[in-house]
Amino acid sequence: MSQPVFSKIAYWRAGIVPVLYRRVPCYKQGGINFTINGNPWFNFVLVSNVGGVGDISAVSVEGYGTGWISMKRTWGQNWECDTVLVGQSLSFQVTTGD
């Protein structure tokens, strides 16, 4: 919605519009999805189709014999790991906000 139209329906004061929101559960079908990109030196993982509240607070990855490695969020639901995991089968551990 454009700013001029929104300012007609919102309480606008000193350039600030107070916003109230609430989280609602989202029921997804088909399970969680992982899209893996990157190169041999890092892994870039997009996590999608997350049910419940839908926000992810932590992601860890485990390669063959590596133990669990914490990933860092780059933006949105994209997570990054700087460990070389080329040719390994991977397991993911996802922690959600709910």
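All values derive from a computational prediction rather than experimental measurement.

**Notes on the overall build of the chain**
- Counting secondary structure elements, the chain contains one helix and seven strands.
- Secondary structure elements of the chain occur, N-terminal to C-terminal, as α-β-β-β-β-β-β-β.
- Here the C-alpha radius of gyration of the chain, 19 Å, is well above what a compact globule of 98 residues would show, namely 13 Å.
- C-alpha extents for the chain along the principal axes are approximately 60 × 30 × 20 Å.
- Out of the 98 residues in the chain, the part that is buried amounts to 18%.
- Residue pairs in contact within the chain that sit at least 24 positions apart in sequence constitute 50% of those at least 6 positions apart.
- With the model as given, the accessible surface of the chain reaches about 7,200 Å², and the carbon-plus-sulfur share is 56%.
- Looking at charge distribution, the chain has the averaged site of its 7 positive side-chain charges lying 20 Å from that of its 5 negative ones.

**Things to note about the sheet that holds strand 7 (residues 91–96)**
- If you walk across this open sheet you meet the three strands as 4-3-7, and the pairing is antiparallel. Strands at the two margins of the open sheet, each flanked by one partner only, are strand 4 (67–70) and strand 7. With direction set aside, neighbouring strand axes in the sheet form an average angle of 25°.

**Considerations on the side chain of Asn-43**
- One can find Asn-43 in strand 2 (residues 42–48).
- With relative accessibility at 12%, the residue Asn-43 sits in the buried group.
- In this view, Asn-43 contacts Asn-37, Met-71, Trp-79, Glu-80, Cys-81, Thr-83 and Leu-85; residues no more than four positions away in its chain are not counted.

**Description of the side chain of Asn-78**
- Mapped onto the fold, Asn-78 is located in strand 6 (residues 78–81).
- Judged by relative accessible area, which is 5%, Asn-78 ranks as buried.

**Comments concerning the sheet that holds strand 1 (residues 33–39)**
- The antiparallel open sheet is built from four strands, whose spatial order is 1-2-6-5. In this open sheet, the two edge strands, each paired with only one partner strand, are strand 1 and strand 5 (72–75). With strand direction ignored, the average angle separating the axes of adjacent strands in the sheet is 30°.
- Looking at chain direction, strand 2 and strand 6 are connected through four bridges and run antiparallel. Opposite Leu-46, over in strand 6, you have Asn-78 as the bridge partner.

**Let's talk about the packing of aromatic side chains**
- Per the stated rule, a full pass over the model turns up one aromatic pair.
- Note on Phe-34 and Phe-92: the rings are 4.6 Å apart at their centroids and 15° apart in plane angle, and the pair reads as stacked. Residue Phe-34 is found in strand 1, and its partner Phe-92 is found in strand 7; the two are separated by 58 residues along the sequence.

Parameters at a glance
- Residues numbered from 1 in each chain as written.
- Predicted model: local features only at pLDDT ≥ 70, side-chain atom pairs only at ≥ 80, totals over all residues.
- Heavy atoms only, no water.
- Helix = DSSP H or I, 4+ residues; strand = E, 2+ residues; numbered from the N terminus.
- Rg over C-alpha atoms; globule rule 2.2 N^0.38 Å.
- Buried < 20%, exposed > 50% of the residue type's maximum accessible area, 1.4 Å probe, protein only.
- Contact = heavy atoms within 4.5 Å.
- Areas by Shrake-Rupley, 256 points an atom, 1.4 Å probe, with all protein chains shown as cover.
- Lys, Arg positive; Asp, Glu negative; His and termini not counted.
- Charge placed at Lys NZ, Arg CZ, Asp CG, Glu CD.
- Pairing = 2+ DSSP bridges.
- Axes fitted to C-alpha atoms, helices over the stretch in contact; angles between N-to-C directions.
- Phe/Tyr/Trp six-rings, centres within 6.5 Å; stacked < 30°, edge-to-face > 60°.

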